[in-house]
Amino acid sequence: MLFKKRSKLLLVGVGKFSSSILEKIKSLNVDDKVLFDVRLSLEEALINAVQHGNKADKKKKVLVEAYIDNDCLYVKVEDEGKGFNSENTTSSIEDRNIEKLSGRGVFLIKQCMDKVKFSKGGSRIVMVKYLNTHRKQEE
Amino acid sequence: MKITEDRKGEMLIYRLKGDVNLSNSPVLRKAFESCTQGDVKKVIVDFKEVPYIDSSGLATLIELLQRLKKIGGNLRICNLDEKVKGIFEVTRLFKLFKICDNEDMAVEDF
């Protein structure tokens, strides 16, 4: 296990919370693009968990787990909210939605990570990123 | 985040330094709001020293564009880092924003 923490989290704490996880991932010698993608996905997932899942309730907690298996990074983010229908998200890239101010978080996660799975009615997301650290070491 | 403003007639250039994300969006939004209250019609946002952007940062830029359009103004974005540029590409926001390679090209593009 690379990281495991369940804590009360508000939007102001997302950056600091994310940094503590990313420091662990940085130490794995992953390339900058991978780190960028993981940071963006993690922070978007945390924002969704706090804002939409826990409805910014300061009593509610967010669980984050991260581990490496077979050169893949697994990140799980789980909130205490009622979840949402992950199949029902609007496409933020369609012309009619392009000027919308919200709705890009989940889309960006799906673009930046290699596998994304929602469960527990949408209150849990598991994201997978291929790290390619072996390939980087060979280069 | 550090925001530097450079006014040239009806043109205003914002040079940003730091992440454009949820933490910094309120500061950026406030800076952008003040520009559309004067006679500024052309705005350039220079991303030369921006290594990271999230969905909240993108929304702040869309808000600025919408505000400028309402007053007959326009926006150019320039000097995008490769990874940040990738975010504009996957979200297809390059269709909404005019993106230029550098500040000189952005000025000329108006």
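A. Structural view of the overall build of chain B. If you tally the helices and strands in chain B, you get 4 helices and 5 strands. Of all 110 residues assigned to chain B, the portion counted as buried reaches 49%. Sequence-distant contacts, at least 24 apart, represent 68% of the contacts inside chain B between residues at least 6 apart. Summing over all exposed atoms, chain B offers an accessible surface of approximately 5100 Å²; the carbon and sulfur share of this is 45%. Each charge class in chain B can be summarised by its mean position, and for the 19 positive and 18 negative side chains these summaries are 4 Å apart.

B. Structural context of empty space enclosed by the protein. Within the structure shown, the criterion is met by 1 cavity of 30 Å³ or more. Taken as a whole, the largest cavity holds about 50 Å³ of empty space. What lines the largest cavity is L11, V14, G15, E43 and I47 of chain A together with N21, L22, S23 and D54 of chain B. Elements with a contribution of two residues or more to the lining of the largest cavity: α1 (14–26) and α2 (32–53) of chain A.

C. Molecular detail of the nonpolar core. Counting residues in hydrophobic clusters, the biggest one holds 35 residues, and the most contacted among them are V45, F47, F88 and F97 of chain B. Put simply, the parts of the chain that give this core at least two residues each are α2 and α3 (105–112) of chain A together with β2 (11–17), α1 (25–35), β3 (42–49), α2 (55–70), β4 (74–78) and α3 (82–90) of chain B. Residue contacts for F97 of chain B: discarding those within four places in its chain leaves L61, I62, L65, L75, I77 and F88 of chain B.

D. Representation of the interface of chain B and chain A. Across the contact, 23 residues belong to chain B and 21 residues belong to chain A. Interface area, chain B with chain A, both sides summed: about 2000 Å², of which 65% is carbon and sulfur. When the buried area of chain B at its contact with chain A is split by residue, L22, Y52 and K83 of chain B rank highest and sum to 29% of it. Linking chain B with chain A are 3 salt bridges, by the criterion used here. Among the salt bridges present, the one from R39 of chain A reaches D19 of chain B, with a minimum N-O distance of 2.7 Å. Our count for the contact surface shared by chain B and chain A stands at 6 residue pairs in polar contact (both at pLDDT 80 or more). Broken down by secondary-structure element, the contributors of at least two residues to the side of chain B that touches chain A are α2 and α3 of chain B. With 7 residues, α2 of chain B is the single largest residue contributor to the side of chain B that touches chain A. Taken together, the residues of the side of chain B that touches chain A sort by class into 12 nonpolar, 4 polar and 7 charged.

E. Main features of the environment of F94 of chain B. Residue and element names in this part refer to chain B. Among the secondary structure elements, F94 is positioned in the loop between α3 and β5 (98–100). Remark: the alpha-carbon pair of F94 and S55, spanning 39 residues in sequence, is separated by 14 Å. Excluding anything up to four places from it in sequence, F94 contacts F88, E89 and I99.

F. Fine view of the sheet that holds strand β4 (residues 115–119) of chain A. All names here are of chain A. Strand order in the open sheet formed by 5 strands is β1-β2-β3-β5-β4, with antiparallel pairing between adjacent strands. Both edges of this open sheet fall to β1 (3–8) and β4, since each of them pairs with a single strand only. Across this sheet, the average inter-strand angle for adjacent strands is 10°, counted without regard to direction. Note: strand β3 (residues 72–78) against strand β5 (residues 124–130), 7 bridges, orientation antiparallel. When the bridges of β5 are listed, L73 appears paired with K129. Strands in contact with α1 are β1, β2 (61–69) and β3; relative to β1, the strand with the most contacts, it is inclined by about 180°. Across the sheet, α3 touches β4 and β5, and the angle it forms with β4 is around 135°.

Rules used throughout
- Residues numbered from 1 in each chain as written.
- Chains lettered and ligands numbered in written order.
- Predicted model: local features only at pLDDT ≥ 70, side-chain atom pairs only at ≥ 80, totals over all residues.
- Heavy atoms only, no water.
- Helix = DSSP H or I, 4+ residues; strand = E, 2+ residues; numbered from the N terminus.
- Buried < 20%, exposed > 50% of the residue type's maximum accessible area, 1.4 Å probe, protein only.
- Contact = heavy atoms within 4.5 Å.
- Areas by Shrake-Rupley, 256 points an atom, 1.4 Å probe, with all protein chains shown as cover.
- Lys, Arg positive; Asp, Glu negative; His and termini not counted.
- Charge placed at Lys NZ, Arg CZ, Asp CG, Glu CD.
- 1 Å grid on protein atoms, 1.4 Å probe; cavity = no way out; pocket = protein on both sides within 12 Å on 5 of 7 lines; lining within 4 Å.
- Points joined across faces, edges and corners; volume = space filled by probe spheres on them.
- Core = buried A, V, L, I, M, F, W, Y, C linked by side-chain atoms within 4.5 Å.
- Buried area = accessible area lost by both parts, 1.4 Å probe.
- Salt bridge = Lys/Arg side-chain N within 4 Å of Asp/Glu carboxyl O.
- Polar contact = N/O pair within 3.5 Å; in protein donor to acceptor, adjacent residues only side chain to side chain.
- Nonpolar A, V, L, I, M, F, W, Y, C, P; charged D, E, K, R; others polar.
- Pairing = 2+ DSSP bridges.
- Axes fitted to C-alpha atoms, helices over the stretch in contact; angles between N-to-C directions.

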